[in-house]
Amino acid sequence: MSINTGNFAKAIAPGYRKVFFGTLRDHPTEYDKFMNISPSTRAYEEEFKVAGLGLLAAKPEGTSVTYDDAIEGNSKRFTHTAAGLGFRITEEMFEDDLYDLVGKKMAKSLAQSVANRCEVDGFSVLNNAFSTSYIGFNASESLCSTSHTLLGGGTVANRPTADTDLSLTALQAALESGANTVNERNIPVLLKYKHLFVGPSFMWVAKELLGSELKPYTTDNEINPVKDEGLTWSLCHYFTDPDQFFLSTDKDFHNVDFIWRRKPRYDASDDFDTGDAKNKVTIRTSFGFTDWRGWYGSQGA
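Quantities reported herein were computed from a predicted structural model and do not represent experimental measurements. (Residues numbered from 1 in each chain as written. Predicted model: local features only at pLDDT ≥ 70, side-chain atom pairs only at ≥ 80, totals over all residues. Heavy atoms only, no water.)

Turning to the overall build of the protein chain, a few remarks are in order. Of regular secondary structure, the protein chain possesses four helices and 12 strands. Long-range contacts, defined as pairs at least 24 residues apart, comprise 75% of the intrachain contacts of the protein chain with a sequence gap of at least 6. As displayed, the protein chain offers around 17,000 Å² of accessible surface, 53% of which is attributable to carbon and sulfur atoms. (Helix = DSSP H or I, 4+ residues; strand = E, 2+ residues; numbered from the N terminus. Contact = heavy atoms within 4.5 Å. Areas by Shrake-Rupley, 256 points an atom, 1.4 Å probe, with all protein chains shown as cover.)

Here it is as structure tokens:
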């Protein structure tokens, strides 16, 4: 299909004061607030997990030291996939366009399509954080689960047993969960959540919880116990579940990743027979998570 003078007759008619193109001002990107962004030069990237040594064992006098082995876990492959979009304009339309519809505006629309694709793909990791078909290292283990299996034995959770909406009690439980995080050998990792992510429905709750000097929603004049935890919060417009919320560590301490195999590549050419101008953009990316540590989430009530 081509944009032509027939299906875009207004674009060649004089007298219009303004062409509203259906987009407003660009806004700051959001997926890069919580994802580790990195490049790749390969067809795929792969990671695997290893559990280190356990706790030192007692050594009675005259006895041999206890020997332990590291434990190799599963691997996760990030396979890059391509995405693209284009538009085609007839030669006549290009010549007669009075409002630069097919020039700057369409080119900008392509760039906005790329930005939106990155947001949707990036947020798919959080929007599928409770799905056992969207996994990291271990089969059937979602990013946020009540039963992550440790290589050294046992299970741990980074999700409430009963999902709940964001509240002071829920936020305290999340922070306690982070403080109790252990490695694959059940040794504490001293993890601290730093960022809270909420949808528009809970932006006011986030402001009250993190900004109040006194305990919100009470008249007992108690201090707000989470005020000094150093949390920041971010508004997420791409949540598909309005009452889900997440906490994360700084990006250096978690493994939710967005990998660029090819940054946006814009190409343009003319069709010799028709004179049509063709424009397209393509990207290659992969995204997901491997280890669950560094994240806590709830689907909401």
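In this structure, Glu 30 sits in the segment before strand 1 (36–39). No salt bridge is formed by the buried Glu 30, whose closest oppositely charged neighbour, Lys 33, lies at an N-O distance of 7.6 Å. Of the polar contacts made by the side chain of Glu 30, one reaches the side chain of His 237; its length is 2.5 Å. Setting aside residues no more than four positions away along its own chain, Glu 30 makes contact with Glu 119, Phe 123, Leu 235, Cys 236, His 237 and Tyr 238. (Buried < 20%, exposed > 50% of the residue type's maximum accessible area, 1.4 Å probe, protein only. Lys, Arg positive; Asp, Glu negative; His and termini not counted. Salt bridge = Lys/Arg side-chain N within 4 Å of Asp/Glu carboxyl O. Polar contact = N/O pair within 3.5 Å; in protein donor to acceptor, adjacent residues only side chain to side chain.)

Right, let's get into empty space enclosed by the protein. By the definition in use, this model includes one cavity of 30 Å³ or more. Considering only enclosed or pocket space, the largest cavity measures out at about 50 Å³ in volume. What lines the largest cavity is Lys 49, Gly 136, Phe 137, Asn 138, Glu 141, Ser 142, His 148, Phe 289, Thr 290, Asp 291 and Trp 292. Per-class residue counts for the lining of the largest cavity are three nonpolar, five polar and three charged. (1 Å grid on protein atoms, 1.4 Å probe; cavity = no way out; pocket = protein on both sides within 12 Å on 5 of 7 lines; lining within 4 Å. Points joined across faces, edges and corners; volume = space filled by probe spheres on them. Nonpolar A, V, L, I, M, F, W, Y, C, P; charged D, E, K, R; others polar.)

It is worth spelling out the side chain of Ser 248 at this point. Inspection of the secondary structure puts Ser 248 in strand 9 (residues 245–248). With residues near it in sequence (within four places) discarded, Ser 248 still touches Tyr 193, Lys 194, His 195, Phe 197, His 254, Gly 294 and Trp 295.

Bringing the packing of aromatic side chains into the picture now. Here the structure, examined in full by the defined rule, presents 13 aromatic pairs. Measuring from centroid to centroid gives 5.6 Å for Phe 130 and Phe 246, while their planes differ by 20°, and the two rings are stacked. Within this pair, whereas Phe 130 is found in the loop between helix 2 (101–127) and strand 5 (148–149), its partner Phe 246 is found in strand 9, the two being separated by 116 residues in sequence. Exposure remark for Phe 246: the relative accessible area of 0% places this residue in the buried category. (Phe/Tyr/Trp six-rings, centres within 6.5 Å; stacked < 30°, edge-to-face > 60°.)

All chains considered together, the criterion is met by 16 salt bridges. Asp 68 serves as the salt-bridge partner of Arg 185, at 3.0 Å between the closest nitrogen and oxygen. Taken together, the positions of Arg 185 in the loop between helix 3 (168–179) and strand 7 (195–198) and Asp 68 in the loop between strand 2 (44–51) and strand 3 (71–79) put the pair 117 residues apart, joining distant regions of the chain. For Asp 68, a relative accessible area of 35% corresponds to the partly exposed category. A cluster of three or more residues bridged by salt bridges with shared partners is formed by Lys 49, Glu 184, Asp 291 and Arg 293.

Let us look at the pairing of strand 11 (residues 277–289). Sheet topology note: the strand 4 (residues 81–89)/strand 11 ladder contains nine bridges and is antiparallel. Bridging from a neighbouring strand, Ile 89 pairs with Ala 277 of strand 11. Of the pairings in the sheet, the one linking strand 10 (residues 256–270) to strand 11 comprises 12 bridges and is antiparallel in character. Each residue of the ladder has a partner; that of Asp 270, found in strand 11, is Ala 277. Taken together, strand 10 and the strand that follows it, strand 11, pair antiparallel across an intervening segment of six residues, in which Gly 275 is found at a positive phi of about 80°. (Pairing = 2+ DSSP bridges.)

Attention shifts here to unusual backbone geometry. Of note, Ser 140 is a non-glycine position whose phi angle comes to about 65°, a positive value. When you line up the elements, Ser 140 lands in the loop between helix 2 and strand 5. Taking relative accessible area as the criterion, Ser 140 reaches 56% and is therefore assigned exposed. Notably, Leu 190 is not glycine yet its phi reads approximately 55°, a positive angle. Within the secondary structure, Leu 190 is located in the loop between helix 3 and strand 7. Among the residues examined, Leu 190 registers a relative accessible area of 76% and is labelled exposed.

What follows covers the sheet that holds strand 10. The sheet built from four strands is open, its strands ordered 1-10-11-4 with mixed pairing. Across the chains shown, the open sheet's two edge strands, defined by having one partner strand only, are strand 1 and strand 4. Strand after strand, the sheet turns through a mean of 25° between neighbouring axes, direction not considered. In this sheet, strand 10 lies alongside strand 1 in parallel orientation, the contact comprising four bridges. Residue pairing in the sheet places Ile 37 in a bridge with Phe 258 of strand 10. (Axes fitted to C-alpha atoms, helices over the stretch in contact; angles between N-to-C directions.)

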